[in-house]
2 protein chains.
Amino acid sequence: MDRRQQKTRQAVFQAFNKLLEEKRFNSITVQEILDEANVGRSTFYSHFETKDALLKEMCTDIFDHIFSYELHSETSHDFSSSDHGLQEKITHLLYHLKDNRRNVLGILSGESGGLFMRYFKEYLATMFDQYPECIRKDVPKEFAVNHLVGSFGEAVTWWIDTKMKMPPEDVADNYLKLIGYKE
Amino acid sequence: MDRRQQKTRQAVFQAFNKLLEEKRFNSITVQEILDEANVGRSTFYSHFETKDALLKEMCTDIFDHIFSYELHSETSHDFSSSDHGLQEKITHLLYHLKDNRRNVLGILSGESGGLFMRYFKEYLATMFDQYPECIRKDVPKEFAVNHLVGSFGEAVTWWIDTKMKMPPEDVADNYLKLIGYKE
DNA sequence: GATTATATCAAACACTTTGTTCATTATCAA
DNA sequence: TTGATAATGAACAAAGTGTTTGATATAATC
């Protein structure tokens with residue numbers, strides 16, 4: 001990819017991110033992104049169709065990174081935990097979210113949260129699919145999966161809203177208790 | 001209240017509702033509401049500060065109605081169920097949502113869902129507060145309450161998205177199983 | 001029924017935002 | 001070096017926002 005394109009893309013992402021930390025998605029204007037990123041109007045529109053598309057691309061970037069690491073840790077043998085179960089997976093995921101907290105916080109705060117969540121849940125659903133043992137059989141599968149994905153999303157939102165004060169291990173532990181996966 | 005005010009208020013609510021069924025909240029313009037409701041621009045702004053305020057008032061109207069009925073059924077003795085437990089409460093709530101399905105569907109579809117949910121959860125939290133036995137003690141209370149409220153919100157969203165095909169009794173039953181309140 | 005109060009209306013207003021176009025300039029890859 | 005392409009800035013129409021105005025219609029009150 002052309003270096004010029006990379007540069008503008010990065011500048012726009014960075015600017016958008018900074019603005020997301022200050023104000024909610026809907027109140028951010030393209031003009032503000034342009035000013036912050038120091039990019040021409042026509043340049044922006046040659047890269048992104050709309051503001052929504054920009055958010056989507058940014059989410060995809062972040063989640064691809066976070067979840068690809070998850071998959072990697074599954075096949076590699078470089079972490080100390082005794083098994084590769086759901087608890088470890090969730091803990092790892094939370095650590096990654098914490099590493100990306102500036103991004104995640106920015107995106108989650110305000111209106112953009114809804115769109116963010118939609119994309120996030122898509123990734124989550126594929127994760128839970130790898131752990132059929134946590135899906136209860138006495139409830140319709142759709143309903144159960146929706147519960148797992150949805151309540152985990154809620155837990156993450158709560159965790160971020162409370163400034164990620166609770167350690168990832170505890171979040172994972174408490175969550176697994178509440179979904180009846182543990183104890 | 002002046003009959004004229006009632007009339008415009010109702011017309012705006014109705015118009016807004018119709019539009020919410022067709023398109024997402026953010027893409028609805030004040031102008032469209034004006035045209036649909038056949039109300040003057042200045043009249044609208046003398047009633048509602050912003051579009052967000054309009055949504056908020058509408059949510060409050062709906063939830064006040066739904067949850068006040070819930071509270072009423074708690075004190076009255078006119079329903080057949082054997083106890084006044086959480087399961088009955090939830091089932092009743094779902095029936096009420098179904099009665100208001102045109103409203104709820106309209107509000108939940110699209111972007112407005114986020115705001116709707118925020119208000120909805122406030123009401124839910126007070127409901128769960130009446131049932132301390134469903135809050136697990138081996139997990140921080142905040143976390144547990146967030147889980148109950150959040151996952152119920154998710155269940156309702158799923159239920160509405162799937163056209164409310166599952167009977168309210170089953171939704172309540174499945175939900176209570178998943179939060180470990182039952183069996 | 002007459003009177004006073006006020007809700008509604010249409011129209012115009014300045015303002016912001018959006019998304020497009022186009023000629024010009026700068027930068028890249030070969 | 002050269003041909004391709006990305007970025008720029010400026011201008012543009014179109015659409016939306018929220019406010020103000022004076023005239024009109026309708027309600028509440030006497």
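The model shown is predicted, which means the values in this text are computed figures rather than measured ones.

1. Some remarks on the overall build of chain A
Here's step 1: The helix and strand inventory of chain A stands at 9 helices and 0 strands.
Here's step 2: Along the chain direction, N to C, the helices and strands of chain A fall in the order α-α-α-α-α-α-α-α-α.
Here's step 3: When each of the 183 residues of chain A is scored for burial, the buried share is 29%.
Here's step 4: Sequence-distant contacts, at least 24 apart, represent 66% of the contacts inside chain A between residues at least 6 apart.

2. Comments concerning the protein's contact with DNA strand D
Here's step 1: Around DNA strand D, the surrounding shell holds 20 residues, and the nearest of these are T8, G40 and S42 of chain A together with V30 and S42 of chain B.
Here's step 2: Put simply, the parts of the chain that give the surface near DNA strand D at least two residues each are α1 (3-22) and α3 (41-47) of chain A together with α1 (3-22), α2 (30-37) and α3 (41-47) of chain B.
Here's step 3: Among the elements that take part in the surface near DNA strand D, α3 of chain A stands out by supplying 4 residues, more than any other.
Here's step 4: When grouped by side-chain class, the residues that make up the surface near DNA strand D number 3 nonpolar, 10 polar and 7 charged.

3. Observations concerning the interface of chain B and chain A
Here's step 1: Counting residues at the interface gives 21 residues for chain B, matched by 21 residues for chain A.
Here's step 2: Elements with a minimum of two residues in the side of chain B that touches chain A: α7 (113-129), α8 (141-161) and α9 (168-178) of chain B.
Here's step 3: Per element, the largest residue contribution to the side of chain B that touches chain A is 9 residues, and it comes from α8 of chain B.
Here's step 4: For the side of chain B that touches chain A, the class distribution of residues is 7 nonpolar, 9 polar and 5 charged.

4. Brief notes about the protein's contact with DNA strand C
Here's step 1: Near DNA strand C there are 22 residues, and of these V30 and S42 of chain A together with T8, G40 and T43 of chain B occur at the shortest range.
Here's step 2: Residue assignment for the surface near DNA strand C shows that the elements contributing at least two residues are α1, α2 (30-37) and α3 of chain A together with α1 and α3 of chain B.
Here's step 3: Its residues placed into classes, the surface near DNA strand C shows 3 nonpolar, 10 polar and 9 charged.

5. Quick look at the environment of W158 of chain B
Here's step 1: Its place among the elements puts W158 of chain B in helix α8.
Here's step 2: Among the residues examined, W158 of chain B registers 18 C-beta atoms within 10 Å and is labelled partly exposed.
Here's step 3: Residue contacts for W158 of chain B: discarding those within four places in its chain leaves F143 and N146 of chain A.

6. Regarding unusual backbone geometry
Here's step 1: The phi dihedral of N38 of chain A falls on the positive side, at around 55 degrees, and the residue is not glycine.
Here's step 2: Among the secondary structure elements, N38 of chain A is positioned in the loop between α2 and α3.

7. Description of the relation of the copies chain B and chain A
Here's step 1: With an RMSD of 0.1 Å, chain B superimposes on chain A once it is rotated by 180 degrees and translated 0.0 Å along the axis. Each copy turns onto its partner about a two-fold axis. Rotation axis and chain B: the residue whose C-alpha lies nearest the axis is S151 of chain B, separated from it by 2.4 Å.
Here's step 2: Here 100% of the contact residues of chain B are again contact residues in chain A; the copies associate through an equivalent surface.

8. Some words on the nonpolar core
Here's step 1: The biggest cluster of nonpolar side chains holds 79 residues, and the ones touching the most others in it are F16, F152 and Y175 of chain A together with F16, I33, F152 and Y175 of chain B.
Here's step 2: In this view, F152 of chain B contacts L124 and Y175 of chain B; residues no more than four positions away in its chain are not counted.

9. Considerations on the confidence of the model for chain A
Detailed reading of the predicted coordinates is not advisable wherever pLDDT falls low.
Here's step 1: Looking at chain A, the pLDDT average stands at 86 and 87% of residues meet or exceed 70.
Here's step 2: With pLDDT under 50 throughout, residues 74-83 of chain A is counted as low confidence; its partners more than four residues away or in other chains account for 4 contacts.

10. A closer look at the packing of helix α8 (residues 141-161) of chain A against α8 of chain B
Helix-helix packing is characterised by the crossing angle of the two axes and by the distance between the axes.
Here's step 1: Put simply, α8 of chain A and α8 of chain B touch, their axes get as near as 8 Å, and they point 135 degrees apart. When the axes of α8 of chain A and α8 of chain B are compared, the pair comes out oblique. You can see that α8 of chain A and α8 of chain B cross each other, and the crossing is right-handed. Across from F143, N146, H147, G150, S151, E154, A155 and W158 of chain A in α8 of chain A, the residues of α8 of chain B making contact are F143, N146, H147, G150, S151, E154, A155 and W158 of chain B.
Here's step 2: A breakdown of the residues in the contact of α8 of chain A with α8 of chain B according to their chemical character gives 6 nonpolar, 8 polar and 2 charged.

Conventions we followed
- Residues numbered from 1 in each chain as written.
- Chains lettered and ligands numbered in written order.
- Predicted model: local features only at pLDDT ≥ 70, side-chain atom pairs only at ≥ 80, totals over all residues.
- Helix = DSSP H or I, 4+ residues; strand = E, 2+ residues; numbered from the N terminus.
- Buried ≥ 20, exposed ≤ 12 C-beta atoms within 10 Å, placed from the backbone.
- Contact = placed C-beta atoms within 7 Å.
- Near = placed C-beta within 6 Å.
- Nonpolar A, V, L, I, M, F, W, Y, C, P; charged D, E, K, R; others polar.
- Least-squares fit on C-alpha atoms with pLDDT ≥ 70 in both.
- Core = buried A, V, L, I, M, F, W, Y, C linked by C-beta atoms within 7 Å.
- pLDDT = per-residue confidence, 0-100.
- Axes fitted to C-alpha atoms, helices over the stretch in contact; angles between N-to-C directions.
- Parallel < 35°, antiparallel > 145°, perpendicular 65-115°, else oblique.
- Left-handed = near helix turned anticlockwise from the far one by under 90°.

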